[in-house]
Structure formats: C-alpha cells, structure tokens
Amino acid sequence: MPATFILFFVMAGAPFPFGSTNDLSIAFWCLCLGIAVIFAPTRDLRRPHLWLLAGIGLIVAAYAFVLHEQLSDHPWIAPFQPIWKQASDLLGVPIAPSASIVKNEAFFALGAPLANILAIVLGITVGAERDRARRMLWVIAISGALYALYGVLSFLIEPTMILWRDKTAYLGSVTGTFINRNTAAAYFGSCAVIWMLLILEDVRRRLPERHIEWKRLSLDVRAIPPRQILPHLGALLICLMAMFMTGSRAGVSLSLLAMIASFTVFLRKDLPPRTGIWISLGSGVVVALGLMQLLGGRVSSRFDSQGLVDEGRIEAWKSTLQIIADNPWFGTGMGTFQWAFPPYRSPNISIRGIWDIAHSTPLELASDIGIPMALLVAVAWAVMFVILGRGVFARRRDAIIPLAAAATASLSLLHSCLDFTLQIPGYSIPFFALFGAGLAQSFRMREPARAQGEAIAAPDQQGRQSQPVRGLRRARELHKTV
C-alpha cells in the first residue's frame, strides 16, 4: 500500500537531514505524511482505534483554538500581550496588538507538532494490522543501526563533519546525523531497546520449554544457529557503542533504565514468582554499571564533574516557571520562547550563549501555549501509557509492539523533561509513529465470526466433513429422535 511505504520512508529518513530541524525538511515530511494519511488503510480499524483517533481529534481541535487566539487580530477570549501597548507608547505610533509576543510565529512553529500528529495517526491506521506494525519495529531498528554505524565511523574517520557540513559543536562526541549529542543518545538508546526486545523475542521463541529452565538456559541458547542471532547482536552492540560515545549523561542513563525495565517486563512470566523481578532488576543494574565503566568513561567523568543536571539548566527552569506564572492561560505564543526568555533570564545563569530553548519540553510547552493546553497534552500522554500498559500485560502474542512503544515513550518523555528530544522531528516522527502502532496493537485482535464459521464447516482434504461437524450433526439427529 502506498501509505505504508510512505510511512516507512519517512520513519527511516527523518533522522537523516541533520535531525530534520529546518523548516524545509519539516515541510517535506508533513507533505509526505499528509499524502499517506489520505491513502491510509482503514479496513483493519475497530472501535477502540476509532476512539483513539477521536481523542487525537480533540487535541487537534484544542490546538486549533489556541492557534486562533494567538494568530487572530480579534481573539475570542485571549487577552492581548501588554508588550504591544508598551511598544506603541514608546514609538508613538499605533501598533495592532496580539495575544502572542511575536506575530504569526505560531503559524511557522506549527510544522513539528503537525508532523507528530500525522505520524501517530498513521501509526494507528497502518499499525492496526499486526504484520505492518512489526515491520515498523524493524524499520526503526535497522535504520537506527545504520545511523549508529555511520556515527561511529564518521567520528573515527572525520570527527569534524556531520554529513556534508562542518561540525561546530560536540567535536568529541558521536552525534550521528543529529546536531545535538543528547538527542543522538536518546535515538540510539531507543533503537537499542527495540533491538534487545527483538532478540529476546527471537530467543524466547526458540527455547523448547514453556517456561525457561534457567539451569539449561546456556545450553538452549548455544543451540541456536549463530548466523540467525549474531547479526541482531551486532546491531545492538553498534547502537550501544554509538549511544555511549555520545557522552550524554541523561540519554545514556535513561536508555539503560529503559532496557532494564523492558527486559524485566518481557521475561516476567519466566522469572521466579517472588524474587525473580528483584533479581532481574538488580542484575540489570549491575550489567548497566559494568557497561558504563567499560564503554561510558566520558559519561562517568561528566557525572563526576557536573553531576546529574547543570546548575544553569535548573536556573533556566526557574525562569521558565516565571514566564508560565505571568502567562498562564494562553502562553506567550507557540514558538516564542527565545523571545520571551531574555526578560526573565536569571542572573545566576552564565552570560555566555543564547537560550532559545528551555531544555524541558513540558515547561516550554506550558510557557508557549498556556497551562490548560499543556494539561490536556499531559492527560493524553497519561492515557497513552495506560493503554500501552494494558496492551503489554493483556496481549498474549505481539506484546513486544506495545512494550517497545511504552519503553521508548517513557525514555523520550523523561529525557524531554531534562532536554528537548521530542522537539527534534528527526527523533519524534519515527517514534510517534511507533507510539501509534503500539496503541493500535494494545487491543486483542478478534477473528471475524464469518471466518470462524467457514473454518468449522470447511471439509478436509478428502472432501469429507471434519470430525467436529459430523459429531454435531449426529447430536442434532439424536435430539430430533428424542
């Protein structure tokens, strides 16, 4: 189907052009995703999927209302920003006021949120069919491994270049095709989570016992043909290597945490009933610390010298909270943080650099569009996690799809609270599509009743009715006789 191929193309290509942060790249991906939505398959959608799409429609309507208030010369209820009257008084000329501190900026900032909305809608519609949803996992995993391989090789061969441009920052870190190492760490870590789950599923399916016998586990694993498992392990190792070489503290730590949690959840039924989960978590922490010492020397040194969070970032968050307090209902305008921040900039922040981003997506969202809209988005995320959790613990097969979505969603959301991962379309577009597929696969798929009836009444290869059908007819004849 054209929609499926377009979605796969966008998921694989979005990280390529420097994380797709420029307006031209975003416009191109929105165009591709919009065309895909027009041709999106709908025959596999059921009532729960329609409710999901209705919820997304509600969020879109709320966004449209906020945009109207920020863009209109005559907003319905939003107050005008006082900065326009102050400018008019200082210049001595009349200036048309606006609910945004920068006129029409909300329109130009609409591209990235629109791409994310289109991606999750396509994730639900395309991912409603299990085979397509599984292929989405493979698209992200394979493309992520290729980007990780490029990042490592380019760092070893020419560390001063990103694709065809000069690298002006993070010269000592792997960034792949991204500009920022923190976003690169979250991307490679998310791909590593997916590779680990794919490997676990493949190994678990090959084991002969219904429940794992841990005493024989090493023998059973060695019985698996190496050529069938080594490529997956190699891809996982490449993603982990690139992740550690970014030197990102939060990106590496949260990625390892997501891997430990998803490993434990996936094997929860095979662990000992009481102590198994704690043993798994403890073992995962030990392995993570070992990997940190073996591959993450630069990450450990940054923890030792700078701690978990920079002091300047904490001060920036405090300043952002003041912006929110002064503009609680409709914010300062979507995409206006870099203009709203300077008057609130804390004196405790270094005078070096320009803060054009809050380094906390939830706080910046609230400062741009107001507390009510930010709370609606937060409720949507909470509902998504509830549905994904239901899918992980309720589904008997293909639970890996909602589990991968839940793990990467947790990683990206937590990292975005400390940085801006979800504001980079090269990361957000493929993973919002994965979130949509995880939501779609969080509901059990039922076989149509007609197909079940045909399966019961189908004759065997010799043209005779099957034994259950013959038994049913005999029972009816006895009933009539009685």
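Before reading on, note that the structure itself is shown above.
Reading the values: the criteria
- Residues numbered from 1 in each chain as written.
- Predicted model: local features only at pLDDT ≥ 70, side-chain atom pairs only at ≥ 80, totals over all residues.
- Heavy atoms only, no water.
- Helix = DSSP H or I, 4+ residues; strand = E, 2+ residues; numbered from the N terminus.
- Buried < 20%, exposed > 50% of the residue type's maximum accessible area, 1.4 Å probe, protein only.
- Contact = heavy atoms within 4.5 Å.
- Areas by Shrake-Rupley, 256 points an atom, 1.4 Å probe, with all protein chains shown as cover.
- Salt bridge = Lys/Arg side-chain N within 4 Å of Asp/Glu carboxyl O.
- 1 Å grid on protein atoms, 1.4 Å probe; cavity = no way out; pocket = protein on both sides within 12 Å on 5 of 7 lines; lining within 4 Å.
- Points joined across faces, edges and corners; volume = space filled by probe spheres on them.
- Disulfide = S-S within 2.5 Å.
- Expected span 1.5 Å × (residues − 1).
- Polar contact = N/O pair within 3.5 Å; in protein donor to acceptor, adjacent residues only side chain to side chain.
- Axes fitted to C-alpha atoms, helices over the stretch in contact; angles between N-to-C directions.
- Parallel < 35°, antiparallel > 145°, perpendicular 65-115°, else oblique.
- Left-handed = near helix turned anticlockwise from the far one by under 90°.
- Nonpolar A, V, L, I, M, F, W, Y, C, P; charged D, E, K, R; others polar.
- Patch = residues over 30% accessible without salt bridge, like charges linked within 9 Å, V, L, I, M, F, W, Y side chains within 5 Å.
- Lys, Arg positive; Asp, Glu negative; His and termini not counted.
- Charge placed at Lys NZ, Arg CZ, Asp CG, Glu CD.

1. A few points about the overall build of the protein chain
Each helix and strand in the protein chain was counted, giving 21 helices and 2 strands. Every one of the 482 residues in the protein chain was classed for burial, and the buried ones make up 49%. Pairs at least 24 apart in sequence give 74% of the contacts found in the protein chain among residues at least 6 apart. Of the roughly 24700 Å² that the protein chain leaves accessible, carbon and sulfur atoms contribute 67%.

2. Remarks on the pattern of salt bridges
The tally for this structure, following the rule as stated, stands at 9 salt bridges. The shortest N-O distance in the salt bridge between Arg 130 and Asp 131 comes to 3.4 Å. Taking the shortest distance from any N to any O, the salt bridge between Glu 201 and Arg 134 comes out at 2.5 Å. Separated by 67 residues along the polypeptide, Glu 201 in helix α8 (residues 181-206) and Arg 134 in helix α7 (residues 130-157) bring together distant segments of the chain. The class for Arg 134 is buried, based on a relative accessible area of 17%. Residues participating in the shared-partner salt-bridge network are Arg 130, Asp 131, Arg 134, Glu 201, Arg 395 and Asp 398.

3. So, empty space enclosed by the protein
By the definition in use, this model includes 1 cavity of 30 Å³ or more. One number sums up the size of the largest cavity: a volume of about 60 Å³. Lining the largest cavity are Gly 151, Ser 154, Phe 155, Glu 158, Pro 159, Met 161, Ile 162, Lys 167, Ser 173, Val 174, Thr 175 and Gly 176. When contributions to the lining of the largest cavity are tallied by element, the ones reaching two or more residues are α7 and β1 (161-162). Per element, the largest residue contribution to the lining of the largest cavity is 3 residues, and it comes from α7.

4. Thoughts on the state of the cysteines
All told, the structure shown has 0 disulfides when counted by the stated rule. This cysteine, Cys 32, is not joined by any disulfide, and Cys 30 carries the nearest cysteine sulfur, 9.4 Å off. Cysteine Cys 191 shares no disulfide, and the gap to the nearest cysteine sulfur, in Cys 239, comes to 5.3 Å.

5. As for helix α11 (residues 249-266)
Helix length check: α11, at 18 residues, gives a terminal C-alpha distance of 26 Å against a target of 26 Å (1.5 Å per residue), a fit within 8%. Every buried residue belonging to α11 is among Arg 249, Ala 250, Gly 251, Val 252, Leu 254, Ser 255, Leu 256, Ala 258, Met 259, Ile 260, Ser 262 and Thr 264, and all of these are buried. Regarding α11, its N-cap is Ser 248, as a side-chain oxygen of that residue lies 3.1 Å from the backbone nitrogen of Gly 251 further along.

6. So, the environment of Pro 97
Mapped onto the fold, Pro 97 is located in the loop between α4 (82-91) and α5 (105-108). When the C-alpha atoms of Pro 97 and Pro 79 are compared, they prove to be 9.6 Å apart, with 18 residues separating the residues in sequence.

7. Focus: the packing of α8 against helix α18 (residues 400-418)
Here α8 crosses α18 at 160°, and the two axes come no closer than 10 Å. As judged from the angle between their axes, α8 and α18 are roughly antiparallel. The way α8 lies across α18 gives a crossing that is right-handed. For the pair α8 and α18, contact is made by Asn 182, Ala 186, Gly 189, Ser 190, Val 193, Ile 194, Leu 197, Leu 198 and Glu 201 and by Ile 400, Leu 403, Ala 404, Ala 407, Thr 408, Leu 411 and His 415, respectively. Tallied by class, residues from the contact of α8 with α18 come to 10 nonpolar, 5 polar and 1 charged.

8. Considerations on a positive patch on the surface
Taken together, the side chains of Lys 269, Arg 390, Arg 396 and Arg 444 define a basic patch exposed on the protein surface. Residue placement: Arg 444 occurs in the loop between α19 (425-440) and α20 (449-457). When its relative accessible area of 49% is taken as the criterion, Arg 444 is described as partly exposed.

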